[in-house]
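Tertiary structure, described
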Amino acid sequence: MQLATFYDPLALALVGGGTALTMVLRTPAADLARALAALRHLWRARFSADPLLEQLAAQARIAKRHGVIALDHSVISDPDLAAGLAAIVDGAGPEDVAALMDERRQARFERHASAVDAWRGAAEAAPAMGMVGTLIGLAAMFAGMRDPQAIGGAMAVALLATLYGALLGNLLLQPVAQRLAGRARIEAFERSRLVRPLMVLAEREAPRLRQAHAA
């Protein structure tokens, strides 16, 4: 059996185009852009907090040697770590720093979840679009009962649309959503490892900052 047997451009257009249109209509523009941008992370290494912990340890040594104000001149590429250190420089206590980091981590997780929801919605829509293509093919088949060639083409659309919908939803879109969800959970856990060292740094530097302000 040749692979060309399983190719029908009309069925593919109905399922692929319908799924894409459903995704666009049901997803806010910002979430849709985020979902598309998330695809580039599928082939990258999973997030690890180890490099950030090393950077944080280096910043703690600088603060111990030169004072926490010296951290103002540090260049931190990660926005969450930069926000935590900035809060410490501004005199935030351990609890305030923990609350800030938890808030930022939750906001990041919600952004990731919106991208996952977009792909899960597309995975749900694909089989439904396959059924729509099947119904269109059957309608065309019954409308052309007197033309054997038309019956064959309409039947191909009807059968292949169901196949395309099942394959697109279960072999492509759903795995994408699952992998993105897994990566989001891992990143949320890894970022939680930053909270305790930041709290320790804030607790250590708080007396120094109070003395500096008093002076």
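Residues numbered from 1 in each chain as written. Predicted model: local features only at pLDDT ≥ 70, side-chain atom pairs only at ≥ 80, totals over all residues. Heavy atoms only, no water.

1. Section: the overall build of the protein chain
Condition: Counting from the N terminus, the helices are DSSP H or I runs at least four residues long and the strands are E runs at least two residues long. Atoms counted for the radius of gyration: C-alpha only. Globule rule: 2.2 Å times residue count to the power 0.38.
Along its length, the protein chain carries seven helices and zero strands. Listing the helices and strands of the protein chain from first to last along the sequence gives α-α-α-α-α-α-α. In terms of overall dimensions, the protein chain is more spread out than a globule: its C-alpha atoms have a radius of gyration of 27 Å, far above the 17 Å expected for 215 residues. In terms of its C-alpha atoms, the protein chain occupies a principal-axis envelope of roughly 95 × 30 × 20 Å.

2. With respect to the environment of Phe47
Put simply, the rule is: Working rule for contacts: check all heavy atoms of both residues, and any pair within 4.5 Å makes them a contact.
Note that Phe47 resides in the loop between helix H2 (29-38) and helix H3 (50-66). C-alpha of Phe47 to C-alpha of Ala184: the two residues are 137 residues apart in sequence and 8.9 Å apart in space. Those residues within four positions of Phe47 in sequence are excluded, and the remaining contacts are Leu52, Ile186, Glu187, Glu190 and Arg191.

3. Some remarks on a nonpolar patch on the surface
Rules: Nonpolar side chains (Val, Leu, Ile, Met, Phe, Trp, Tyr) are joined into patches within 5 Å and like charges within 9 Å, using only residues with over 30% relative accessible area and no salt bridge. Here, Shrake-Rupley sampling with a 1.4 Å probe gives the accessible areas, and only protein chains in the shown set may cover a residue. Salt bridges, as used here, are contacts in which a Lys or Arg side-chain nitrogen is within 4 Å of a carboxyl oxygen on Asp or Glu.
Taken together, Leu3, Phe6, Leu163, Leu167 and Leu171 make up a surface patch of nonpolar side chains, about 510 Å² in accessible area. Take Leu3: it is sitting in the segment before helix H1 (9-26).

4. Quick look at the pattern of salt bridges
Taken as a whole, this structure holds eleven salt bridges when the rule is applied. Residue Arg34 is joined to Asp31 by a salt bridge in which the shortest nitrogen-to-oxygen separation is 2.8 Å. You can see Arg34 and its partner Asp31 sitting in helix H2, three residues apart, about one turn around the helix. Salt bridges sharing common partners tie together Asp78, Asp80, Arg104, Arg108, Glu187 and Arg191.

5. Brief notes about the nonpolar core
The cut-off we apply is this: Each nonpolar core is a collection of buried residues, namely Ala, Val, Leu, Ile, Met, Phe, Trp, Tyr and Cys, held together in the definition by side-chain atoms within 4.5 Å. Each residue gets one of three labels from its accessible area relative to the maximum for its type: buried under 20%, exposed over 50%, partly exposed in between, using a 1.4 Å probe on protein chains only.
Ranked by internal contacts, the top residues of the largest apolar core, which has 22 residues, are Leu71, Leu81, Leu85, Ile88, Val97, Leu198 and Leu201. Of all the elements in the fold, those that place two or more residues in this core are H3, helix H4 (79-89), helix H5 (94-143) and helix H7 (195-214). Counting 17 residues, the second-largest nonpolar core is a separate cluster that includes Ala35, Leu42, Ala118 and Ala126.

6. Re H2
Under the convention used in this document: Directions are taken from the helix axis to each C-beta atom, and the arc is the one they span.
The set of residues buried in H2 consists of Leu32, Ala35 and Ala38. An end-on view of H2 places all buried positions within 125 degrees of arc, on one side of the element.

7. Thoughts on the side chain of Glu187
As for its placement among the helices and strands, Glu187 is situated in helix H6 (residues 148-192). When its relative accessible area of 13% is taken as the criterion, Glu187 is described as buried. If we ignore the near neighbours within four places in the chain, the residues touching Glu187 are Phe47, Arg108 and His112.

8. Notes on the environment of Met145
Summarising the element assignment, Met145 is placed in the loop between H5 and H6. Here Met145 falls in the partly exposed class, since its relative accessible area comes to 49%. Separated by 47 residues in the primary sequence, Met145 and Ser192 have C-alpha atoms spaced 65 Å apart.

9. Structural notes on the packing of H1 against H5
In plain terms, the rule: The axes are straight lines fitted to the C-alpha atoms, using for helices just the contacting stretch, and the angles between their N-to-C directions are given from 0 to 180°. Roughly parallel refers to an angle under 35 degrees, roughly antiparallel to one over 145, roughly perpendicular to one between 65 and 115, and oblique to any angle outside these ranges. Whether a crossing is left-handed or right-handed is set by the direction in which the near helix is turned from the far one by less than a right angle, anticlockwise for left-handed and clockwise for right-handed. The classification used treats Ala, Val, Leu, Ile, Met, Phe, Trp, Tyr, Cys and Pro as nonpolar, Asp, Glu, Lys and Arg as charged, and all other residues, Gly among them, as polar.
It is at 8 Å that the axes of H1 and H5 come closest, and there the two elements cross at 135 degrees. With respect to H5, the element H1 is oriented oblique. At the point where H1 passes H5, the crossing takes the right-handed sense. Contacts from Leu14, Val15, Gly18, Thr19, Thr22, Met23 and Arg26 in H1 reach Ala118, Trp119, Gly121, Ala122, Glu124, Ala125, Ala126, Met129, Gly130, Gly133 and Ile136 in H5. Residue classes in the contact of H1 with H5 are distributed as ten nonpolar, six polar and two charged.

10. Section: the side chain of Arg191
One can find Arg191 in helix H6. Those residues in contact with Arg191, other than ones at most four positions away along the chain, are Phe47, Leu52, Asp78, Asp80, Arg105 and Arg108.

11. Things to note about the environment of Ala82
Here Ala82 is to be found in helix H4. A residue is classified by how much of its surface remains accessible, and Ala82, at 26% relative accessible area, is partly exposed. Remark: the alpha-carbon pair of Ala82 and Leu56, spanning 26 residues in sequence, is separated by 9.7 Å.

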